[in-house]
Amino acid sequence: MLCITQEGMRVVVNPAVVASFFVILSSVSVGVVSGITAFYLGSESLKTVNSPEENPTQKLGKWETVDLKKYHFQPVAEKTILVKVYNYVQEQRKAAKGEVKNKAKPKEKGK
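These numbers were taken from a predicted model, which means no experiment stands behind them.

Participant: Can you walk me through the overall build of the chain in this structure?
Facilitator: Across its full length, the chain holds two helices and two strands. What you see in the chain, going N to C, is helices and strands ordered as β-β-α-α. Sorting the 111 residues of the chain into buried and exposed places 0% on the buried side. Summed over its atoms, the accessible surface of the chain is roughly 11500 Å², and 63% of this surface lies on carbon and sulfur atoms.

If you want it as structure tokens, here you go:
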């Protein structure tokens, strides 16, 4: 807070304002210095990184020679998929039950 009296040009500054100003100034300066340091260290570390000379997307060009008309998309009926999944699940359940029964039977030692 600044106070100016009529007697003269006497300026009184509140010490809390001065302390706040120095805290803000030091915080901003530390942030700027750390940002510059981080940028410098990052750019130095990336100097040895090179981009690949090959373009991986060019490897996809081999499909151009294949006749895509032979591989025409044909959707599969939902019923067919459901039947296959159901059969697979039933086979897995039977196999699991068979393993459980085999484990449950005690082995008879020589009679």
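Having seen the structure, we can now continue with the description.
Participant: Where do I start with the confidence of the model for the chain in this structure?
Facilitator: Low pLDDT marks regions whose predicted coordinates should not be analysed in detail. The pLDDT averaged across the chain works out to 80; a share of 68% of its residues lies at or above 70. Within the chain, helix α1 (residues 15-45) carries the highest mean pLDDT (95), whereas strand β1 (residues 2-4) carries the lowest (57).

Participant: Looking at this structure, how should I read a nonpolar patch on the surface?
Facilitator: A grouping of Val-11, Val-13, Val-17, Val-18, Phe-21, Phe-22 and Leu-25 is seen on the molecular surface, where their side chains present a nonpolar patch of about 630 Å² in accessible area. When contributions to the nonpolar patch are tallied by element, the ones reaching two or more residues are β2 (11-13) and α1. Element by element, the count of residues in the nonpolar patch is highest for α1, at five residues. With respect to the helices, strands and loops of the structure, Phe-22 is situated in helix α1.

Parameters and conventions
- Residues numbered from 1 in each chain as written.
- Predicted model: local features only at pLDDT ≥ 70, side-chain atom pairs only at ≥ 80, totals over all residues.
- Heavy atoms only, no water.
- Helix = DSSP H or I, 4+ residues; strand = E, 2+ residues; numbered from the N terminus.
- Buried < 20%, exposed > 50% of the residue type's maximum accessible area, 1.4 Å probe, protein only.
- Areas by Shrake-Rupley, 256 points an atom, 1.4 Å probe, with all protein chains shown as cover.
- pLDDT = per-residue confidence, 0-100.
- Patch = residues over 30% accessible without salt bridge, like charges linked within 9 Å, V, L, I, M, F, W, Y side chains within 5 Å.
- Salt bridge = Lys/Arg side-chain N within 4 Å of Asp/Glu carboxyl O.

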